[in-house]
Amino acid sequence: STFLAANPSCPAIVEPGFYIDQVKAMHDHDVRRYFLNQWVTVEDESWLAERPGVWAACEGEPLIVANHPTFVGVDVALRRDTTAVVVVQEHDDLFHVVSKVWAPDDGKIDHLAIINHIRKLHDELEVREVVYDPRFFEVPALMLVEESVPMVELPQHPSRMMPVCAAGYDLINQGRIIHNGDQVLADHVLSAVRREYPEGWTLSKGRSRRHIDACIAMLLALHRAQTSNPADWAPRPTPKVFTL
């Protein structure tokens, strides 16, 4: 009866079975928007909409220490959009997350500030990988490679990002993320929406066009923290004392 009220053309134009098939394949917030004519907020659109409060439940005191394997995710913009660098360390099967986000100044991002921040992280932490999409960061990454920063390319093609997004989704829902409640990071995480493909899903800004760069950078770092092979890690000098 709800579908009939929201869709007067059913069953005159569209067979009822169509809605049944779509409901099975779609998420609740998509069904509400497209078939029940209901207003859906950004939070309702979020990739975490089916578990309200799950991100907030992960709030705690992240532990980031100098002498511990560290993974850094970078999501870079050239202009207008934000750029994010996220640090991840695993302690006792929990992934501790700290982020830093740059907003554009006069429509441009200060890439030198980002490079210097990565240099500082590499100098003070036991950074094993800095994972990035080479699309907007290829030249800065080459500069950092020359300085022995362990840079790892991960182009954000859908086929590459599907397992990255799925793994991060599982960690959040399992309560295995520890973040400090940073509101910018929370906004980026909750603003991400699913982009569906026949083979799976990735994340996008959706129609809200809100920033999600810190979310993507976090997912990249989490992915490498889970999948990186310690046998591939280069020897590291003792880092300096890290001050967050």
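Whatever comes next refers back to the structure up there.
Residues numbered from 1 in each chain as written. Predicted model: local features only at pLDDT ≥ 70, side-chain atom pairs only at ≥ 80, totals over all residues. Heavy atoms only, no water.

### Side note on the overall build of the chain
Thought 1: A count of helices and strands for the chain gives 9 helices and 8 strands.
Thought 2: Buried residues in the chain amount to 48% of all 244 residues.
Thought 3: Long-range pairs, those at least 24 residues apart, make up 64% of the contacts in the chain with a sequence separation of at least 6.
Thought 4: For the chain, the computed accessible surface area is about 12,800 Å², with 52% contributed by carbon and sulfur atoms. (Helix = DSSP H or I, 4+ residues; strand = E, 2+ residues; numbered from the N terminus. Buried < 20%, exposed > 50% of the residue type's maximum accessible area, 1.4 Å probe, protein only. Contact = heavy atoms within 4.5 Å. Areas by Shrake-Rupley, 256 points an atom, 1.4 Å probe, with all protein chains shown as cover.)

### A word on the packing of aromatic side chains
Thought 1: Per the counting criterion, the structure on display carries 4 aromatic pairs.
Thought 2: The interplanar angle of 55 degrees and the centroid separation of 6.2 Å between the aromatic rings of Trp47 and Trp201 together place this pair among those described as tilted. On the criterion of sequence distance, the pair formed by Trp47 in the loop between helix 4 (42-45) and strand 1 (69-75) and Trp201 in strand 8 (residues 200-204) is long-range, its members being 154 residues apart.
Thought 3: Accessibility expressed as a relative area gives 2% for Trp47, which makes it buried. (Phe/Tyr/Trp six-rings, centres within 6.5 Å; stacked < 30°, edge-to-face > 60°.)

### Concerning the side chain of His223
Thought 1: Note that His223 resides in helix 9 (residues 213-227).
Thought 2: Taking the relative accessible area as the measure of exposure, His223 reaches 16% and is therefore buried.
Thought 3: Those residues in contact with His223, other than ones at most four positions away along the chain, are Leu154 and Val164.

### Brief notes about the pattern of salt bridges
Thought 1: Scanning the model with the defined rule gives 7 salt bridges in all.
Thought 2: A salt bridge links Asp93 to Arg176, with the nearest nitrogen and oxygen atoms 2.8 Å apart. With a gap of 83 residues between them, Asp93 in the loop between strand 2 (83-91) and strand 3 (94-102) and Arg176 in the loop between helix 7 (158-173) and strand 6 (177-178) connect regions that are remote in the sequence.
Thought 3: For Asp93, a relative accessible area of 44% gives the class partly exposed. (Salt bridge = Lys/Arg side-chain N within 4 Å of Asp/Glu carboxyl O.)

### Points about the packing of helix 8 (residues 183-191) against helix 9
Thought 1: Orientation of helix 8 relative to helix 9, taken along the N-to-C sense of each, is 85 degrees, at an axis distance of 7 Å. The angle between the axes of helix 8 and helix 9 places the two elements in the roughly perpendicular class. Contact with helix 8, carried on its side by Leu185, His188 and Val189, involves Asp213, Ala214, Cys215 and Met218 of helix 9 and no other residues of that element.
Thought 2: Per-class residue counts for the contact of helix 8 with helix 9 are 5 nonpolar, 1 polar and 1 charged. (Axes fitted to C-alpha atoms, helices over the stretch in contact; angles between N-to-C directions. Parallel < 35°, antiparallel > 145°, perpendicular 65-115°, else oblique. Nonpolar A, V, L, I, M, F, W, Y, C, P; charged D, E, K, R; others polar.)

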